[in-house]
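Residue-level listing of the chains:
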Amino acid sequence: MSRRRIGFWYRFAAFLCKPPLVVLLKRDWRGIENIPAEGGFITAVNHNSHADPFAYGHFQYNTGRVPRFLAKSGLFKSGFVGAAMRGTGQIPVYRESTDALSAYRAAIDAVERGECVAFYPEATLTRDPDLWPMVGKTGAARVALQTRCPVIPVAQWGANLLLAPYAKKPDLLPRKTHHVLAGPPVDLSRFYDKEMTPDLLKEATEAIMAAVTAQLELIRGEKAPGTRYDPRQVRVDQRRRSLAQEEQEQAAQDVGVREMTRTEHEKGHGK
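Numbering of residues begins from 1 in every chain and follows the order in which that chain's sequence is written. Reporting in this predicted model follows two pLDDT cut-offs: at least 70 for local features of residues, and 80 or more for side-chain atom pairs to be given and counted; totals over whole chains, interfaces and linings ignore these cut-offs and use all residues. Calculated side-chain values reflect all of the structure's heavy atoms, with hydrogen atoms and water omitted.

Asker: It is not clear to me how the packing of helix α4 (residues 102–112) against helix α5 (residues 139–147) should be interpreted in this structure. Could you clarify?
Answerer: Angle between the axes and distance between the axes are the two parameters that describe a pair of packed helices. In contact at an axis separation of 10 Å, α4 and α5 are set at 45° when each is read in the N-to-C sense. By the criterion of interaxial angle, the relationship of α4 to α5 is oblique. Handedness of the crossing formed by α4 with α5: right-handed. Residues Tyr104, Ala107, Ile108, Val111 and Glu112 of α4 form the contact with α5, whose participating residues are Arg142, Val143, Gln146 and Thr147. Here the nonpolar group is Ala, Val, Leu, Ile, Met, Phe, Trp, Tyr, Cys and Pro; Asp, Glu, Lys and Arg are the charged ones; every other residue, Gly included, is treated as polar. Among the residues making up the contact of α4 with α5, the classes are represented as five nonpolar, two polar and two charged. Convention adopted: a line fitted to C-alpha atoms gives each axis, helices being fitted over their contacting stretch, and angles between N-to-C directions are expressed from 0 to 180 degrees. Under the DSSP-based scheme used, a helix requires at least four consecutive residues in state H or I and a strand at least two consecutive residues in state E, with every element numbered from the N terminus. By definition in this entry, angles of less than 35 degrees are roughly parallel, angles greater than 145 are roughly antiparallel, angles of 65 to 115 are roughly perpendicular, and the rest are oblique. In a left-handed crossing the near helix is turned counterclockwise from the far helix by less than a right angle, and in a right-handed crossing that turn is clockwise. Any two residues whose heavy atoms approach within 4.5 Å are treated as being in contact.

Asker: Please explain the side chain of Thr213 as it appears in this structure.
Answerer: Locating Thr213 in the fold gives a position in helix α7 (residues 198–220). Thr213 sits in the buried class, given a relative accessible area of 6%. In protein, a polar contact requires one atom able to donate a hydrogen and another able to accept it; more generally it is a pair of N or O atoms within 3.5 Å, and residues adjacent in sequence count only if both atoms are side-chain atoms. In terms of polar contacts, Thr213 uses its side chain to reach the backbone carbonyl oxygen of Met209, at 2.8 Å. Residues in contact with Thr213, not counting those within four places in the same chain, are Trp132, Pro133, Ala224 and Arg228. Only protein chains enter the accessibility calculation, which uses a 1.4 Å probe. A residue is then buried if its area is under 20% of the maximum for its type, exposed if over 50%, and partly exposed in between.

Asker: Please clarify how the packing of α5 against α7 should be interpreted in this entry.
Answerer: Closest axis-to-axis distance for the α5/α7 pair is 8 Å, and the angle between their directions is 100°. The angle between α5 and α7 places the two elements in the roughly perpendicular class. Seen from α5, the contacting residues are Ala140, Ala141, Arg142 and Leu145; seen from α7, they are Leu200, Leu201, Ala204, Thr205 and Ile208. Residue classes in the contact of α5 with α7 are distributed as seven nonpolar, one polar and one charged.

Asker: What is the right way to read the packing of aromatic side chains from this model?
Answerer: By convention here, two paired aromatic rings are described through the distance between centres and the angle between planes. Note on ring pairs: Phe, Tyr and Trp rings are taken, using the six-membered ring of Trp, and paired if centres are within 6.5 Å. Classes follow the plane angle, with under 30 degrees stacked, over 60 edge-to-face and the rest tilted. Scanning the entire structure with this criterion turns up 10 aromatic pairs. With centroids separated by 6.1 Å and ring planes inclined at 80°, the aromatic side chains of Trp9 and Phe12 adopt a geometry described as edge-to-face. With Trp9 and Phe12 both in helix α1 (residues 7–24) and three residues apart, the pair spans about one turn of that helix. The exposure class of Phe12 is partly exposed, given its relative accessible area of 27%. Positioned above the aromatic ring of Trp29, the side-chain terminus of Arg27 is 5.6 Å from the ring centre. One Lys or Arg, Arg220, reaches over the ring of Trp157 and ends 4.1 Å from the middle of that ring. Two limits define a charge over a ring: the Lys NZ or Arg CZ must be within 6 Å of the ring centre, and within 35 degrees of the ring normal.

Asker: Where do I start with the environment of Gln253 in this structure?
Answerer: Structurally, the position occupied by Gln253 is in helix α8 (residues 231–270). Its relative accessible area of 48% is what places Gln253 among the partly exposed residues. Taking the C-alpha atoms as reference, Gln253 lies 55 Å from Tyr56; in sequence the two are 197 residues apart.

Asker: I tried to follow a positive patch on the surface on my own but got confused; where do I start?
Answerer: Taken together, the side chains of Lys72, Arg95, Arg127, Lys137, Arg232 and Arg235 define a basic patch exposed on the protein surface. Along the polypeptide, Arg232 turns up in helix α8. For Arg232, a relative accessible area of 57% gives the class exposed. What makes a patch is a set of residues exposed beyond 30% relative accessible area and free of salt bridges, joined within 9 Å when like-charged and within 5 Å when nonpolar (Val, Leu, Ile, Met, Phe, Trp, Tyr). Surface exposure here means Shrake-Rupley accessible area, sampled with a 1.4 Å probe, where a residue is shielded only by the protein chains that are shown. The salt bridge definition used is simple: a Lys or Arg side-chain nitrogen within 4 Å of an Asp or Glu carboxyl oxygen. Positive charges come from Lys and Arg alone, negative charges from Asp and Glu alone, with His and the N- and C-terminal ends not counted. Here the site of a charge means NZ on Lys, CZ on Arg, CG on Asp, or CD on Glu.

Here's what the structure looks like:
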């Protein structure tokens, strides 16, 4: 099979989701010509709002190549949402379990069947203060190098203006514009026929993130920071600062105790 058929569940989801999206967001969608018409491929997409999976899904649906997202396994368990997730062929991610690799295998199988698999390489909403893409996880690179499929970098901006990261209430007025720019495939050929070491996967992932960031720079009309935001390194640095502060406070307490002891000792001798 060269491409996935849209099917009932995707058409039903579109029937429910497209009208409010059309009302809430204007559209500036570019780069559709870079979406492969046939065969399996990956899209690597930045993530800056809880609303952007719907907005990006709208874009991807309209290209005729419906995406399979990697999503938290809890969404698949029961009810209408679970039925819709299963019916549209989304891929459950089981974190910290013996099934953690099943999403990786399912993504490879989907690409090899000629489907589009959408990755949010950051794996969470960006924590960059200015909402630039962060350091990415290696899942998209693993699937890309295993299958040698095209990796299309996709940048989006605007859903975050409708619903800011971690916000509970949308900002409806004035009406926002959802900008999407899909770039040409990322050239990963230099990584082929090499052992998939952690360093190689990290380098391939950075190539993907750089391509996504370049598309976002074009949308925003400004340059991204020279250093990519790394949540893990930020946590390490915060821990180091916390430990250093604790050590300083402990040292100050020790000095205070010694000073009190010396004063008490002097008073005792004075008697």
